[in-house]
Structures are given as C-alpha cells and as structure tokens.
Amino acid sequence: MSNEYVESRIKEALKLSNGNTTRARQQIIAWCYEDTKLLQGLVKPHLTGIVAYNIERITSGRAQKANTPINRAPDPRAPQNDENFGMEILKSIAGNAGPMFGLEGPSAPSARRTGVSAKHIEAIKALTKGKKT
C-alpha cells in the first residue's frame, strides 16, 4: 500500500474544505469508517506503538481502573445552587459583603482588618529610613 493513496485523499479533503485543516481532518476520519485502505495507510507507521501501548495498559491494570466508575463525595466548597453562582461572583467583585471568591468556607481567613503591631510599624519605618536615591 503506497503513501500516494493516502496523500491524494488528504489533498482531496483539503480541497473539499477550502484549506480548512480542521474540516479536512474531520472528513478524513469520516472516510476512514468506510475506506479501510485509507485507515490502514494512515495507521500503518504507528501500529507498533499503538499495539505496544495497549498491551502495556492491559498488563499494568490501568484498563480496569479506567472502566470502573469513581464515586466521589461532592465538594463542600462547590456552589450548591447553580442559579446563584453568577450572582455570588458579582457580589464578591462588587465587594458588598458577599463571600470572597475562593475564600469561602470554614478555614477561610477573616476578611476584616486587624490592628498593626508597634513592631511592624517600627520595621517599616526602619526600612524607609535608608539612603534616599
């Protein structure tokens, strides 16, 4: 089987799609369902790697893991009502005492400001007293 057939089909798909590579790719994939010669011509250089990958996937047990559904508990930080999600974001951006985006939940730091210690003020003054440039 020569590469000339595959190349001619690719050129035909590009011509049909007016040079749009995405549409040409979709057309070639659609043709592969009916044209085994095209499919074999496209896959032949990669067949050894495809087979080796799938054998390794089966022997390592990853195939079984991929087929088993994962039951996860819902994320408690996720919004419970999708209808209000956009409004919550707008409130946090507007700053009208809505929850801070990304900082909601029991472990979130306090949004109110706390007093500054005298040591902190002295440290800042010491940093600013250096050489003036």
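For the structure itself, look to the data block above.
If you're wondering where the values come from, they're calculated on a predicted model, not measured in any experiment.

Draft legend 1. Quick peek at a nonpolar patch on the surface. Taken together, the side chains of Leu47, Ile50, Val51 and Ile55 present a nonpolar region at the surface, about 340 Å² in accessible area. Inspection of the secondary structure assignment puts valine 51 in helix H4 (residues 47–60). On the basis of relative accessibility, which here comes to 41%, the residue valine 51 falls in the partly exposed class.

Draft legend 2. Focus on the packing of aromatic side chains. Using the criterion set out here, one finds zero aromatic pairs in the structure. One Lys or Arg, arginine 9, reaches over the ring of tryptophan 31 and ends 3.9 Å from the middle of that ring. For the cation-ring pair, lysine 37 lies above tyrosine 5, with the distance from its terminal atom to the ring centre recorded as 4.5 Å.

Draft legend 3. Spatial organisation of the nonpolar core. Listed in full, the seven residues of the largest apolar core are Val6, Ala13, Ala24, Ile28, Trp31, Cys32 and Leu38. Those elements that place two or more of their residues in this core are helix H1 (3–16) and helix H2 (21–34). At four residues, the largest contribution of residues to this core is made by H2. Setting aside anything within four residues of it in sequence, one finds isoleucine 28 in contact with Ile10, Ala13, Leu38 and Leu42.

Draft legend 4. Expanded view of the pattern of salt bridges. Counted under the stated rule, the structure contains three salt bridges. Glutamate 12 is the salt-bridge partner of arginine 9, the closest N and O atoms lying 3.3 Å from each other. Pair noted here: arginine 9 and glutamate 12 are both in helix H1, with a separation of three residues, about one helical turn. Classification of arginine 9 by relative accessible area gives buried; the value is 16%. A relative accessible area of 35% means that glutamate 12 is categorised as partly exposed. Residue aspartate 35 is joined to arginine 9 by a salt bridge in which the shortest nitrogen-to-oxygen separation is 3.9 Å. In this pair, aspartate 35 is assigned in the loop between H2 and helix H3 (36–43) and arginine 9 in helix H1, connecting sequence segments 26 residues apart. Classification of aspartate 35 as buried rests on a relative accessible area of 13%.

Analysis parameters
Residues numbered from 1 in each chain as written. Predicted model: local features only at pLDDT ≥ 70, side-chain atom pairs only at ≥ 80, totals over all residues. Heavy atoms only, no water. Patch = residues over 30% accessible without salt bridge, like charges linked within 9 Å, V, L, I, M, F, W, Y side chains within 5 Å. Areas by Shrake-Rupley, 256 points an atom, 1.4 Å probe, with all protein chains shown as cover. Salt bridge = Lys/Arg side-chain N within 4 Å of Asp/Glu carboxyl O. Helix = DSSP H or I, 4+ residues; strand = E, 2+ residues; numbered from the N terminus. Buried < 20%, exposed > 50% of the residue type's maximum accessible area, 1.4 Å probe, protein only. Phe/Tyr/Trp six-rings, centres within 6.5 Å; stacked < 30°, edge-to-face > 60°. Lys NZ or Arg CZ within 6 Å of the ring centre and 35° of its normal. Core = buried A, V, L, I, M, F, W, Y, C linked by side-chain atoms within 4.5 Å. Contact = heavy atoms within 4.5 Å.

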